[in-house]
Amino acid sequence: MTNDTFSLGGRNLESRLFIGTGKYGADSMIPAIAEASGAEVITVALRRVDFGNPKGNVMAHIPKRMQLLPNTSGARNADEAVRIARLARAAGCGDWIKIEVISDSRHLLPDGYETARATEILAKEGFVVLPYMNPDLYVARSLVSAGAAAVMPLGAPIGTNRGLATREMIGILIEEIDLPVIVDAGIGKPSQACDAMEMGAAACLVNTAIASADDPVLMAKAFGKAVAAGRAAYLAGLGRVLEKGAAASSPEDGKLTGFLE
């Protein structure tokens with residue numbers, strides 16, 4: 001594993017953990033969390049960005065080294081998502097954009113049709129589009145056709161820490177979709193992020209599990225290590241699973257004879 005750089009949107013990334021900026025006790029925690037996690041990509045809702053208020057602006061706490069991934073949180077349809085993305089670019093947030101189109105206020109599930117429509121518009125405008133989606137194969141194929149740079153299926157409903165409830169569906173996307181699969185939403189434990197990476201996910205985005213921990217900085221460090229471990233295991237090739245019986249870990253030949261006599 002000498003050269004395992006993750007290339008996305010024209011940038012080479014050493015870390016495959018993406019982090020967020022929401023739910024922390026204070027925005028001032030963000031630099032320490034970013035440092036402990038090793039993450040190089042951070043997402044922020046544009047509605048939280050206030051360039052007119054330097055002291056109350058979350059952007060003031062995001063390390064300059066990090067790739068900013070503005071998201072369209074709050075958008076209820078494609079038109080609103082496109083407008084937010086354009087505002088983010090005009091505000092100097094760059095060309096990367098995470099599309100979130102959610103009109104379901106109870107379960108906060110993304111709208112696949114509107115997400116694909118926004119992705120197509122923005123990809124044609126030169127954005128690096130990372131759409132948040134349900135792990136649906138047909139939606140994923142539409143996003144590929146629309147010009148997405150990656151797909152970001154949810155592991156469980158956002159903010160729940162329930163883990164990889166959609167594990168089987170994510171596995172299908174990893175197998176069938178010729179784009180990086182970045183697992184987003186629902187991951188609650190480092191072991192679950194490790195599991196996603198062992199499956200072949202390209203990266204994981206984690207926010208709530210870190211922000212809601214008793215020690216967010218230590219948890220960020222744990223997630224960074226878990227993602228790296230899962231990726232290493234995937235590259236190494238997991239050992240076969242025996243469905244029945246058992247297999248000795250020591251070879252049968254060369255046994256000491258008479259040892260127990």
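Below or above, wherever it landed, is the structure these notes cover. (Residues numbered from 1 in each chain as written. Predicted model: local features only at pLDDT ≥ 70, side-chain atom pairs only at ≥ 80, totals over all residues. Heavy atoms only, no water.)

**Section: the nonpolar core**
Nonpolar side chains tend toward joint burial in soluble globular proteins. Put simply, the rule is: In this description, a nonpolar core means a group of buried Ala, Val, Leu, Ile, Met, Phe, Trp, Tyr and Cys residues linked to one another through side-chain atoms lying within 4.5 Å. Between buried and exposed lies partly exposed: a residue is buried under 20% and exposed over 50% of the maximum accessible area for its type, with that area taken using a 1.4 Å probe on protein chains only. To qualify as a helix, a DSSP run of H or I must reach at least 4 residues; to qualify as a strand, a run of E must reach at least 2; elements of each kind are numbered from the N terminus. Two residues form a contact once any of their heavy atoms are found within 4.5 Å.
Ile-19 and Cys-204 are the most contacted members of the largest nonpolar core, which totals 59 residues. If one sorts the elements of this core by residue count, helix α2 (residues 78-90) sits on top with six residues. With sequence-adjacent residues up to four places away left out, Cys-204 is seen in contact with Arg-16, Leu-17, Phe-18, Ile-182, Val-183, Ile-187, Ala-193, Ala-196, Met-197 and Val-227.

**Some thoughts on the pairing of strand β4 (residues 41-45)**
Two faces belong to every sheet, and in a regular strand the side chains alternate between them. Note the cut-off: Think of it this way: DSSP has to see at least two bridges between two strands before they count as a pair. Crossover handedness is defined here as right-handed if the route from the first strand over the helix to the second strand goes clockwise, with the strands pointing away from the viewer.
Burial analysis of β4 places five of its five residues in the buried class, which makes it a mostly covered element. The two faces of β4 match: Val-41, Thr-43 and Ala-45 on one face and Ile-42 and Val-44 on the other face are all buried. Where strand β3 (residues 17-19) lies against β4, two bridges are found, and the strand directions are parallel. Bridging from a neighbouring strand, Phe-18 pairs with Val-41 of β4. With helix α1 (residues 30-37) bridging β3 and the parallel β4, this β-α-β connection has right-handed handedness.

**Looking at the side chain of Thr-21**
Stated precisely, the cut-off is as follows: Polar contacts, as counted here, are pairs of nitrogen or oxygen atoms within 3.5 Å of one another; within protein the pair requires one atom able to donate a hydrogen and one able to accept it, and residues that are adjacent in sequence qualify only if both atoms are side-chain atoms.
By the element assignment, Thr-21 lies in the loop between β3 and α1. By relative accessible area, Thr-21 is classed as buried at 3%. A polar contact of 3.1 Å, which involves the side chain of Thr-21, links it to the backbone oxygen of Thr-43.

**Focus on the pairing of strand β7 (residues 128-133)**
Counting buried residues along β7, six of its six residues qualify, which places the element largely inside the surrounding structure. The two faces of β7 match: Val-128, Leu-130 and Tyr-132 on one face and Val-129, Pro-131 and Met-133 on the other face are all buried. Once the chain exits strand β6 (residues 96-99) it traverses helix α3 (residues 112-124) before rejoining the sheet at β7, and the crossover so formed is right-handed. With two bridges connecting them, β7 and strand β8 (residues 152-153) associate as parallel partners. Bridge pairing in β8 places Met-133 opposite Pro-153.

**Comments concerning α2**
Rules: A helix is expected to span 1.5 Å for every residue after the first.
If you check α2, its first and last C-alpha atoms are 18 Å apart, about what 13 residues at 1.5 Å a residue would give, namely 18 Å. Within α2, burial applies to Ala-78, Glu-80, Ala-81, Val-82, Ile-84, Ala-85 and Ala-88. Turning to α2, the residues buried within the fold contact β5 (67-71), β6 and α3. Measuring from the backbone nitrogen of Asp-79 back to the side-chain oxygen at the start of α2 gives 3.2 Å, which picks out Asn-77 as the cap. Following α2 by one or two positions, Gly-92 adopts a phi angle in the positive range, close to 90°.

**Comments concerning the packing of aromatic side chains**
What counts is decided by this rule: By convention, a stacked pair of Phe, Tyr or Trp rings (six-membered ring in the case of Trp) has centres within 6.5 Å and planes under 30 degrees apart, an edge-to-face pair has planes over 60 apart, and any other such pair is tilted. Here, a charge over a ring means that NZ of Lys or CZ of Arg falls within 6 Å of the ring centre while also lying within 35 degrees of the ring normal.
Taken as a whole, this structure holds zero aromatic pairs when the rule is applied. One Lys or Arg, Arg-89, reaches over the ring of Phe-127 and ends 3.8 Å from the middle of that ring. Between Lys-98 and the ring centre of Tyr-132, over which it is positioned, the NZ or CZ distance is 5.3 Å.

**A closer look at the state of the cysteines**
In a disulfide, the sulfur atoms of two cysteines are covalently bonded to one another. Formally: Note that a disulfide, as used here, is simply two cysteine sulfur atoms within 2.5 Å.
This structure, assessed with the given rule, holds zero disulfides. Cys-194 carries a free sulfur, and the closest cysteine sulfur to it, the one in Cys-204, is 9.2 Å from it. Assessed through its relative accessible area of 0%, Cys-204 is described here as buried.

**Let's talk about the pattern of salt bridges**
Spelled out, the test is: Basic side-chain nitrogens of Lys or Arg form a salt bridge, by our definition, when they fall within 4 Å of a carboxyl oxygen of Asp or Glu.
Counted according to the given criterion, the structure contains eleven salt bridges. Put simply, Asp-184 and Lys-98 hold a salt bridge, and the shortest N to O gap is 2.7 Å. Of this pair, Asp-184 sits in strand β9 (residues 182-184) while Lys-98 sits in strand β6; the two residues are 86 residues apart in sequence, bridging distant segments of the chain. Neither Asp-184 nor Lys-98 differs from the other in exposure class; each is buried. Each of the salt bridges in this network shares a partner with another, and the network as a whole consists of Asp-4, Arg-16 and Arg-231.

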